[in-house]
Amino acid sequence: MTATNQTTATRSTPRRILVLGGGISGLASAFYLSKQAKEQGISLEITLVEESEQLGGRLRTENRDGCLIEKGPDSFIARKTAILDLTAELGLTGELVPTNPDAKTSYILHKGKMHPMPMGFILGIPTKLSPFIRTGLISPMGKLRAALDLVLPKKQEEGDEALGDFIERRLGKEVLERITEPLLAGIYAGDTRSLSLNATFPQFKAMEEREGSLIKGMARGGGRPKGNPAKGSKSNQTPSGNGSPSSIPGKTGRAPALSGKLSKSMFLSYQGGLSALVARLEQYLRDSGVQVITGDRAVSFIKKDIHRYEVTLEGGQCLKADGVICALPAFEAARLLNKEVPTAQRLREIDYVSVANIALAYRTSDLNISFERSGFLVPRKEGRLITACTWSSTKWQHVAPEGQTLLRTYIGRSGAQQWTNMEDRELIEAAKRDLRELTGLNTVPQWAEVSRCLSAMPQYPVGHVEMMNEVRSDVEKSLPGVLLCGAGYNGVGIPDCVAGGRDAAVSLLEGLPALMREPEKCESAS
């Protein structure tokens, strides 16, 4: 068959694509599959399957008494363009909201006392001398040790290492434990001594190679990567990379440049909360003819032939697919794919940590304290239940009505999972006790609400990048047209998940000319 006839056959015969997982990664995949297929004249039948009754995964906003409660993350990093592109394509740019410019700084707890975060710290790395010298977080000896970063030689050995070991090697133990660890642990809820440097912050290693110093590299803008992410195999290796929108088939360009307060805000959300993004995606998919199945999950995955797969759902439904995007947690992907790809079992090496947040609402007039900054972080060594607290209605001006104050306390990190056995009332009382002892807040809240995110935060182990390259390579060889995406693989942030879902859709569409078989009827599920 000639290339022309092959393309014509591909476009005239609907190809069946299955997206497993209705979190933000799966939703982004389905969106870009549908949108770009239309733009390229490709006929697709897309089915999305989500285990829970609602789409969006950890992105869920609840309105209670006029307060917006984010059950999972409360925002996304503004500099990562994949999420801004998607926002623009969905017509949501006008709904973006910035953080309060008057509540930029936060505190870090040290020996029971609140210390302002020193100015000039980026990702826990000092870039300005004077604020670092003045801070009470680090001892004089600790500051001298950190300054050695300017003259220490770079590591000669190749290969990955633990993020915490790298930071201590460059800046010393005090900076790691008192500033860098609580900041970065807020992203991964992990132990920096176990997290992979290459999989989390490869730009740090690049700075050491290029500048010979973290401080010098960060001061020169090394902590704000732009453009294409670092690459390895076919997928980005850094949570700060988003790919190049201009390289995506069917794209018309980047999202409009943000202006005013939006352009100056490090974090962004939507006027109606992060669920606004989920709702708009769901509306687009349903309007585009995508079949959306909720309340069911895949229990078996069988390769029938090259580019022909059969997935059986727990409810008994059998789905045939020419291509599959697996946007499931790593342990679920391992369970589903291990019979066809034995190395998929390695995905179980990615541990998942459970976290929770507790929303507390107060009448502002009842408060016995004021808190004008955005919140505070609690290092592991402080021995507290809560890991951080956000003064939400100060940080975000849209989350609470006038006269109301909303707080969010956070619980859970790697190595501290005992809280999962506590009841909600116990967690609320423990959080109130920590707030009272740390801030002096002794006002009784009008209400409190616990949101548990069990097995929510993937922990990238040392060697994660190499392991993922091996698994992806084996999946590509054994299961053509099957792709992995999601927080468990190449970045835990919302923009990273959007970028991963988008890239999976692009890769799958690029492989469509090989999918030339006629559709067949599904066999009865056994």
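Residues numbered from 1 in each chain as written. Predicted model: local features only at pLDDT ≥ 70, side-chain atom pairs only at ≥ 80, totals over all residues. Heavy atoms only, no water.

Asks: Just checking my understanding: could you explain the overall build of the protein for this structure?
Replies: In terms of regular secondary structure, the protein is built from 18 helices and 24 strands. Within the protein, the fraction of its 526 residues that count as buried is 55%. Of the contacts made within the protein by residues no fewer than 6 positions apart, 75% connect residues no fewer than 24 positions apart. (Helix = DSSP H or I, 4+ residues; strand = E, 2+ residues; numbered from the N terminus. Buried < 20%, exposed > 50% of the residue type's maximum accessible area, 1.4 Å probe, protein only. Contact = heavy atoms within 4.5 Å.)

Asks: Would you mind showing me how to read helix α15 (residues 424-439) here?
Replies: The periodicity of an α-helix, 3.6 residues per turn, causes residues three or four positions apart to be oriented the same way. If you check α15, its first and last C-alpha atoms are 22 Å apart, about what 16 residues at 1.5 Å a residue would give, namely 22 Å. All of the buried residues along α15 are Leu427, Ile428, Ala430, Ala431, Asp434, Leu435, Leu438 and Thr439. Considered in projection along α15, the buried side chains sweep an arc of 165° and stay on one side of the axis. Glycine 440, located one to two residues past α15, shows a positive phi value of around 85°. (Expected span 1.5 Å × (residues − 1). Arc of directions from axis to C-beta.)

Asks: I tried to follow the confidence of the model for the protein on my own but got confused; where do I start?
Replies: Detailed conclusions should not be drawn from predicted coordinates in areas where pLDDT is low. Per-residue pLDDT for the protein has a mean of 87; in total, 88% of the residues score no lower than 70. Of the regions scoring below 50 in pLDDT, residues 1-11 engages in 13 contacts with residues more than four places distant in sequence or in other chains. (pLDDT = per-residue confidence, 0-100.)

Asks: Would you explain the pairing of strand β22 (residues 404-411) in this entry?
Replies: For a regular strand, the rule is simple: side chains alternate between the two faces of the sheet. Within β22, eight of the eight residues are buried, leaving the element largely enclosed by the surrounding structure. Where burial is concerned, the two faces of β22 agree: the one with Gln404, Leu406, Arg408 and Tyr410 and the one with Thr405, Leu407, Thr409 and Ile411 are both buried. Sheet topology places strand β19 (residues 351-363) next to β22; eight bridges connect them, and they run antiparallel. Note on β22: the bridge partner recorded for alanine 356 is isoleucine 411. Sheet topology note: the strand β21 (residues 386-390)/β22 ladder contains four bridges and is antiparallel. From the neighbouring strand, isoleucine 386 faces β22, where its bridge partner is isoleucine 411. (Pairing = 2+ DSSP bridges.)

Asks: Teacher, can you tell me more about unusual backbone geometry here?
Replies: Working note: non-glycine residues mostly have negative phi, and peptide bonds are mostly trans. One non-glycine residue, lysine 111, lies in the positive phi region at around 55°. Note that lysine 111 resides in the loop between β7 (107-110) and β8 (113-116). Overall, lysine 111 belongs to the exposed group, its relative accessible area being 69%. Even without being glycine, serine 455 reaches a positive phi, approximately 50°. Mapped onto the secondary structure, serine 455 falls in strand β23 (residues 447-459). For serine 455, a relative accessible area of 33% puts it in the partly exposed group.

Asks: When you look at the pairing of β19 in this model, what are you seeing that I'm missing?
Replies: For β19, a buried count of 11 out of 13 residues is recorded, marking the element as mostly surrounded by other parts of the structure. Two elements, β19 and β23, share 10 bridges in a ladder whose sense is antiparallel. Among the inter-strand pairings, alanine 356 is bridged to a residue of β23, identified as arginine 452.

Asks: Help me understand the packing of helix α2 (residues 24-40) against helix α12 (residues 275-287), please; the structure alone is not making it clear to me.
Replies: Two measures define how a pair of helices packs: the angle their axes make with one another and the distance between the axes. Put simply, α2 and α12 touch, their axes get as near as 10 Å, and they point 40° apart. What the angle tells us is that α2 and α12 run oblique. In the crossing of α2 with α12, the sense of the turn from one axis to the other is left-handed. Here α2 contributes Ile24, Leu27, Ala30, Phe31, Ser34, Lys35 and Lys38 to the contact with α12, which in turn contributes Leu277, Val278, Leu281, Tyr284 and Leu285. For the contact of α2 with α12, the per-class residue count stands at nine nonpolar, one polar and two charged. (Axes fitted to C-alpha atoms, helices over the stretch in contact; angles between N-to-C directions. Parallel < 35°, antiparallel > 145°, perpendicular 65-115°, else oblique. Left-handed = near helix turned anticlockwise from the far one by under 90°. Nonpolar A, V, L, I, M, F, W, Y, C, P; charged D, E, K, R; others polar.)

Asks: Help me out: how do you make sense of helix α18 (residues 494-510) in this one?
Replies: With 17 residues, α18 should cover 24 Å at 1.5 Å per step; its first-to-last C-alpha distance of 24 Å lies within 8% of that length. The element α18 is extensively covered by neighbouring structure, given that 14 of its 17 residues are classed as buried.

Asks: Even after reading the chapter, I still don't get a nonpolar patch on the surface, so can you show me in this structure?
Replies: A contiguous nonpolar patch, built from Leu148, Leu150 and Val151 and spanning about 260 Å² of accessible area, is present on the exposed surface. Leucine 148 gets classed as partly exposed once you look at its relative accessible area, which sits at 37%. (Patch = residues over 30% accessible without salt bridge, like charges linked within 9 Å, V, L, I, M, F, W, Y side chains within 5 Å. Areas by Shrake-Rupley, 256 points an atom, 1.4 Å probe, with all protein chains shown as cover. Salt bridge = Lys/Arg side-chain N within 4 Å of Asp/Glu carboxyl O.)

Asks: Hey, could you run me through the sheet that holds β23 in this one?
Replies: Strand pairing in a sheet takes place through backbone hydrogen bonds and is either antiparallel or parallel in direction. The seven strands lie next to each other as β8-β7-β20-β21-β22-β19-β23, forming an open sheet whose pairing is mixed. Both outer strands of the open sheet, β8 and β23, are each paired with one neighbouring strand and no more. Ignoring strand direction, the axes of neighbouring strands in this sheet form an average angle of 25°. Packing against the sheet, helix α7 (residues 173-188) makes contact with β7, β20 (375-377) and β23, and its axis sits at approximately 95° to β23.

Asks: Just to check I follow, could you spell out the sheet that holds strand β6 (residues 96-98) for this structure?
Replies: Reading across from one edge, β5-β13-β6 is the order of the three strands in this open sheet, with antiparallel pairing throughout. The open sheet is flanked by β5 (76-77) and β6, the only strands paired with a single partner. Strand direction decides the pairing type here: β6 and strand β13 (residues 267-270), joined by three bridges, are antiparallel. In the strand pairing of β13, proline 98 is matched with leucine 268.

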